[in-house]
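If you want the building blocks of each chain, they are given just below.
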Amino acid sequence: MILPMPRRALTAAVAALLGLPLAACSAGTPAADPAAPPSASASSPTEHLATPSAPAASLTPPPQGKGWTLSDIPVFPPKPPPQPITLPATGAVPYLSRIPTQQPVAFITIDDGNLKLPEAAKLMAAARVPVTLFLTTDAIKDDEPYFARLQQQGAVIEAHTITHTELRGKSYAFQRREICGSADRLGQLYQRRPVLFRPPFGTKDATTLRAARDCGIKAAFMWKETVHKGKVRYQEGKKVLPGDIILMHFRPAFVKDFLAALRAIHKAGLTPALLEDYIPA
């Protein structure tokens, strides 16, 4: 009389005949191809798709944060080689709301620095697009290292006065103190003295632009689009044009605003570029 073989012994016998490891059989999953390199299943996205029973923990999650995921960030074509504009050799600094270029680029600028959201650094690191920060020194003094972290993500820091007061109509001495003082302080903090300037509220007069020149500033800037609470507002038409400068702030809706700016640039067929690359050295 032949007694039935126990299930485990039968499994072991079959595994031995087929030359398969016992663990692979008892787990109920296909064995790995011994000819494949050890890292193939860990690094290839299609390998995971071919083995639905692979544990989800083996997949590296895409970058994401509070209110955004990597899929929210548009993919842009490479930036063209920058073509710096020509600046006047003497006199007051120019005041620009758009870089005069036909290259398919636009510029993101972020002002003040009152709110220091952790999500800003995460999102900027994931987006990998250039930005210019016009910082007010009084607004940042409660957490100056925060902006050094943004600088490490590629942001370039420029001047926006000490106190964010309106400059138009003030004396030359007052305006010079606000502009030079902020540029000096930012240079000490971030190892690069600003060469660009944005007057608070975008208001200025001839004295502003003369004082800026005397403070070592090369150009002052307004904007063509603003972003607030996730909505882009246009001064001209309904899309971002080549060379446009976009303004946003460090506010509670930073994530929505930053993504809205990126989408507007992408929809216009443009690529984010660095403002400083278009100003002569």
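In what follows, the structure referred to is the one given above.
These notes cover the structure that comes with them. (Residues numbered from 1 in each chain as written. Predicted model: local features only at pLDDT ≥ 70, side-chain atom pairs only at ≥ 80, totals over all residues. Heavy atoms only, no water.)

1. Looking at the overall build of the protein
Along the protein, the regular secondary structure elements total 10 helices and 12 strands. Looking at the 281 residues of the protein, the share that counts as buried comes to 42%. Of all intrachain contacts in the protein linking residues separated by at least 6 positions in sequence, the fraction that spans at least 24 positions is 73%. Approximately 15100 Å² of the protein is accessible, and the part contributed by carbon and sulfur atoms is 60%. (Helix = DSSP H or I, 4+ residues; strand = E, 2+ residues; numbered from the N terminus. Buried < 20%, exposed > 50% of the residue type's maximum accessible area, 1.4 Å probe, protein only. Contact = heavy atoms within 4.5 Å. Areas by Shrake-Rupley, 256 points an atom, 1.4 Å probe, with all protein chains shown as cover.)

2. Details of the packing of helix α5 (residues 118–127) against helix α10 (residues 254–267)
Taken N-terminus to C-terminus, the directions of α5 and α10 make an angle of 20°; their axes are 10 Å apart at the nearest point. Comparing their axes, α10 and α5 come out roughly parallel. Read as a crossing pair, α5 and α10 show a hand that is right-handed. Here α5 contributes Glu119, Ala120, Leu123, Met124 and Ala127 to the contact with α10, which in turn contributes Phe254, Val255, Phe258, Leu259 and Leu262. (Axes fitted to C-alpha atoms, helices over the stretch in contact; angles between N-to-C directions. Parallel < 35°, antiparallel > 145°, perpendicular 65-115°, else oblique. Left-handed = near helix turned anticlockwise from the far one by under 90°.)

3. A word on the packing of aromatic side chains
Counting across every chain of the model gives six aromatic pairs. Both rings, one in Phe147 and one in Phe250, keep their centres 5.5 Å apart while their planes meet at 85°; by these two values the pair is edge-to-face. Highlighted residues: Phe147 in helix α7 (residues 144–152) and Phe250 in the loop between β11 (245–249) and α10, separated in sequence by 103 residues. Comparing Phe147 with Phe250, the two get one shared label, buried. Relative to Phe254, the ring of Phe250 has its centre 5.6 Å away and its plane inclined at 15°; by these criteria the two rings are stacked. Residues Phe250 and Phe254 agree in their burial class; the two are buried. A connected cluster of aromatic rings, assembled from ring pairs, spans Tyr146, Phe147, Phe250, Phe254 and Phe258. (Phe/Tyr/Trp six-rings, centres within 6.5 Å; stacked < 30°, edge-to-face > 60°.)

4. Details of helix α9 (residues 206–214)
Listed in full, the buried residues belonging to α9 are Thr208, Leu209, Ala211 and Ala212. One face of α9 carries all of its buried residues, which in axial projection span an arc of 160°. Against β3 (95–96), α8 (172–190), β7 (196–197) and β8 (219–221) lie the buried residues of α9. Taking the backbone nitrogen of Thr207 as reference, a side-chain oxygen 3.1 Å away marks Asp205 as the first, capping residue of α9. Within two residues after α9, Gly216 carries a phi angle of roughly 85°, on the positive side. (Arc of directions from axis to C-beta. Polar contact = N/O pair within 3.5 Å; in protein donor to acceptor, adjacent residues only side chain to side chain.)

5. Considering the side chain of Thr136
Position of Thr136 among the secondary structure elements: in the loop between β5 (132–135) and α6 (137–140). Using a relative accessible area of 2% as the deciding quantity, one classes Thr136 as buried.

6. Side note on unusual backbone geometry
With phi around 80°, Thr161 is a residue other than glycine that occupies positive phi space. Inspection of the secondary structure assignment puts Thr161 in the loop between β6 (156–159) and α8. Accessibility expressed as a relative area gives 0% for Thr161, which makes it buried. One non-glycine residue, His164, lies in the positive phi region at around 60°. Here His164 shows up in the loop between β6 and α8. Overall, the relative accessible area of 22% leaves His164 in the partly exposed class.

7. Some points on the pattern of salt bridges
Enumeration over the complete set of coordinates arrives at 12 salt bridges. One salt bridge connects Glu236 with Lys224, and the closest N-O pair in it is separated by 2.5 Å. Here the residue Glu236 occupies a position in the loop between β10 (231–234) and β11, and Lys224 occupies one in the loop between β8 and β9 (225–228), the gap between them amounting to 12 residues. For Lys224, a relative accessible area of 11% gives the class buried. By sharing partners, the salt bridges in this structure join Arg98, Lys224, Glu236 and Asp244 into a single network. (Salt bridge = Lys/Arg side-chain N within 4 Å of Asp/Glu carboxyl O.)

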